[in-house]
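# Understanding the architecture of this molecule
Residues per chain are reported as follows:
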Amino acid sequence: MIPLPGLGIVKGMSLTLRRFFEPKATIRYPEVRIDVPHKFRGRLQLLYDEYGTLKCETCFQCAQACPIECIDMGGMDTKGRYHIHWGAPETYGERRDESALRRSGRPVPDQAFAHFDPIATGPVDEILERFDHDPKRMLEILEATQEAYGHLPVGALKLISQRTGAWYAMIYGTATYYRHLRFEPPAAEPLAAATADARQGRETAYLAGLDASLAGSGSGKSPRGGQRTTGKRRGSPPGPGPARA
Amino acid sequence: MTAVARSWNRLTLAGKIIFTLIPILIVLTVGLLAVILILGKPIVDFLAANLWLVRFVVAATAVLLMSVPTAFLIIYMEMKVIALMNLRIGPDRVGPFGSLLSVVHGLKVLMKEDFSPTGADRLVFTLAPIAVFMATIMTLLVIPFAPGLFGADMNIGLLYLFSVSGLTVVGLLMAGWSSFNKYSLLGGLRSAAQVISYEIPLTLSVVGLLLLAGTMSLNQIVLQQGPHLVNGAATGGWFTDWFVFRQPLGALIFFIAATAEANRTPFDLTEADSEIVAGFATEYSGMRFGFFFFAEYVNVFVISALFVTLFFGGWNAPFPWPWPVNLALDPGSLGIGLLILIAVVPVIGTLILAAPFFVARSSMPAWQALVIGFVLFNLLAVVAIGGWAFISLDWVAGLLWFLGKSYVFVFTFVWMRGTLPRVRIDQLMGFAWKWLLPASLLNLFVTAAAIVIVGPRA
């Protein structure tokens, strides 16, 4: 078929004229708000900072808030011994310190992720029995545990997670949310100060290494950055926690 | 501190302004009265003897005044129509449906710094936007808006229009040259090349029409497309009399060339706002830049109005219209009753129109009902008076037809801008010289041959 000259113009003009009468796509945002699903939280993304380190601090808040439990994350402690949650292998504690140094300029000790000491599990067993291993009564369980031990030992939390089936991330989130729950015994102040001193030295070393690498290569890479990842997977099966699986 | 200073300081800002203005106003009023009393007779005599002067002043003022809302309306149309075609909403914040946004744009442009680059030729730099603006505004003077409503009915109206609008090129070149910027100069030269190239097919495309019409007066051309007297009785008046049906090729060429002449898409290479900076207007800012834009949008209206005038019957209705209908209304016959009517009818009308709302909804307070009634009464009055004017004054109906047809083509220009991509500069030039010019010459020769064979009014 011989193309008629001007036919394309006519086609295009008719298209725009049809568009002219069609309903519009704009939403007048502050006045009109589109109906989003109740549990919609926007788009999930893992961001890297300018040193090439993940910005995620593994605070588990996103995993805890995720309504369809599609966020799955995990990490290990500094020495690679304590597995917080299953997922991509990750030196959580190390990165956490790094992030804390970078963001606040001081080390922020977190007793919950130190290598935990063995505890007498009798009180926990009794408490769990009393609350019927019900993860929905987690706050009461945690309060009772703190009453029994004076604080929340990591071993007890670990055990609670194992017995109730609740993710450790959720228990940790619950425990950090309430101010009256604490991870260290009230008398542990001097110890904390001592660790703070130790970490001050590590902070200086870290900053020096960072400066050296920035000045030397100029590639903007952290000397130790790049090997840490946080796994995020869609559609991981909800329900039983890692300890049970 | 003296007593005078103390009293002055106690005044508010508005009070200070009024206190200063009142004596000035008094002096001015007295002076004006004195001038009228002493020199009134000679002035009136002089004006009566030189009515063209009055006509010129009134027409120039009217044209300048009408250019402002026209440009604002077209700028608003441009924003809104293209937005609607892009499935957007477009301006919707200022005024009803965002219609005052172009006013805000105008204020913004007014408040910007009046900047001229180092090394620029200040005088020419300042005069260039004025030249462009004046060339556009002056073309409005010969366009017949309605029966009897035009600035001047020149017998060379069309020639005047083409020559004056050709002065735009001078303004563009001035702008490009005086900016002291090689890109501005290139832009100015490019726009000059484009505008001059398209002047030729534009002018040649209407020569065939001039042969048919036998006159260059735009008013006469419009009259020839309307009902004409045959043996004392008005006949015709259908849209088939329009020149577009006798000069279809001429109308097409005119439309394409006019698009290029008005720097509209797809021929808006002069300032291709999505590709180059702004061509000749690169160095312009503030109100000087605003004048270029103003001129451009008024030019869109002028081109549409000219197209309607030449090819689409001007202010003629597309069907025989029994105007003016002489309604035998003589308000003066009411005597003193007229005054009473003027005083009483708005009140009664407002009350009558407010009553249904007040009665129907018990939750509505009386003042709300009264406001609704007042607004309704005003609407009714406007509709009644407008309808009466439309029926019995032929220039009102003619003006409405003319503006309606013109804005159809303004809409078409905007529509084209929302649709068509921009052509390349060599395509632009090649199209003008290789296609439009031969086509307009063909149109001219065919028309001339037809007139020789058949006669001027077939």
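Residues numbered from 1 in each chain as written. Chains lettered and ligands numbered in written order. Predicted model: local features only at pLDDT ≥ 70, side-chain atom pairs only at ≥ 80, totals over all residues.

On a plain count of helices and strands, chain B comes out with 16 helices and two strands. When the 458 residues of chain B are sorted by exposure, 34% land in the buried category. Nonlocal contacts in chain B, meaning residues at least 24 apart in sequence, comprise 78% of its contacts between residues at least 6 apart. (Helix = DSSP H or I, 4+ residues; strand = E, 2+ residues; numbered from the N terminus. Buried ≥ 20, exposed ≤ 12 C-beta atoms within 10 Å, placed from the backbone. Contact = placed C-beta atoms within 7 Å.)

The helix and strand inventory of chain A stands at eight helices and two strands. When the helices and strands of chain A are placed in sequence order, the string is α-α-β-β-α-α-α-α-α-α. In chain A, which comprises 245 residues, the share counted as buried stands at 20%. Of the contacts formed within chain A by residues at least 6 apart in sequence, a portion of 63% connects residues at least 24 apart.

So, on to unusual backbone geometry. Backbone geometry follows two general trends: most residues other than glycine have a negative phi, and most peptide bonds adopt the trans configuration. Between Thr265(B) and the following residue, Pro266(B), the backbone shows a cis peptide bond with an omega angle of 5°. With respect to the helices and strands, the residue Pro266(B) is situated in the loop between α11 (248-261) and α12 (286-311). Non-glycine residue Asp132(A) carries a positive phi angle of around 65°. By the element assignment, Asp132(A) lies in the loop between α4 (122-130) and α5 (138-149). Overall, the presence of 10 C-beta atoms within 10 Å leaves Asp132(A) in the exposed class. The phi dihedral of Asn263(B) is positive, around 55°, even though this residue is not glycine. The topology assignment puts Asn263(B) in the loop between α11 and α12.

Moving on, we come to the environment of Ala144(A). Its place among the elements puts Ala144(A) in helix α5. Along the sequence, Ala144(A) and Val124(A) sit 20 residues apart, while their C-alpha atoms lie 8.7 Å from each other.

The next point concerns the nonpolar core. Core analysis: the largest hydrophobic core is formed by 86 residues, its most contacted members being Val132(B), Phe254(B), Ala257(B), Phe307(B) and Phe311(B). Beyond its immediate stretch of four places on either side in the chain, Phe254(B) contacts Leu202(B), Ser205(B), Val206(B), Phe307(B) and Phe311(B). Counting residues in each nonpolar core, the second largest holds 18 residues, with Ala166(A), Tyr168(A), Tyr172(A) and Ala175(A) among its members. (Core = buried A, V, L, I, M, F, W, Y, C linked by C-beta atoms within 7 Å.)

Attention shifts here to α5(A). With 12 residues, α5(A) should reach 16 Å at 1.5 Å per residue; the first-to-last C-alpha distance of 16 Å fits that figure. Lining the buried residues of α5(A) we find α4, α6 (154-164) and α7 (168-177) of chain A. (Expected span 1.5 Å × (residues − 1).)

Moving on: the environment of Ala260(B). All names here are of chain B. By the element assignment, Ala260 lies in helix α11. Taking the C-beta count within 10 Å as the criterion, Ala260 has 25 such neighbours and is therefore assigned buried. Each C-alpha atom of the pair Ala260 and Gln194 lies 7.4 Å from the other, and the pair is 66 residues apart in sequence. Not counting residues within four places of it along the chain, the set of residues in contact with Ala260 comprises Gln194, Tyr198 and Phe267.

Turning our eyes to something else, we now look at the confidence of the model for chain B. Residues and elements named next belong to chain B. Per-residue confidence for chain B gives a mean pLDDT of 87, with 96% of residues at or over 70. Taking the mean pLDDT of every element in chain B, the minimum, 68, falls on strand β2 (residues 233-235) and the maximum, 92, on α11. Here the predicted complex carries an ipTM of 0.74, next to a pTM of 0.66. (pLDDT = per-residue confidence, 0-100.)

Each side of the interface is counted separately: chain B has nine residues, and chain A has 11 residues. Counting only elements with at least two residues in the side of chain B that touches chain A, the list comes to α3 (51-85) and α15 (394-419) of chain B. Taken together, the residues of the side of chain B that touches chain A break down into six nonpolar, two polar and one charged. (Nonpolar A, V, L, I, M, F, W, Y, C, P; charged D, E, K, R; others polar.)

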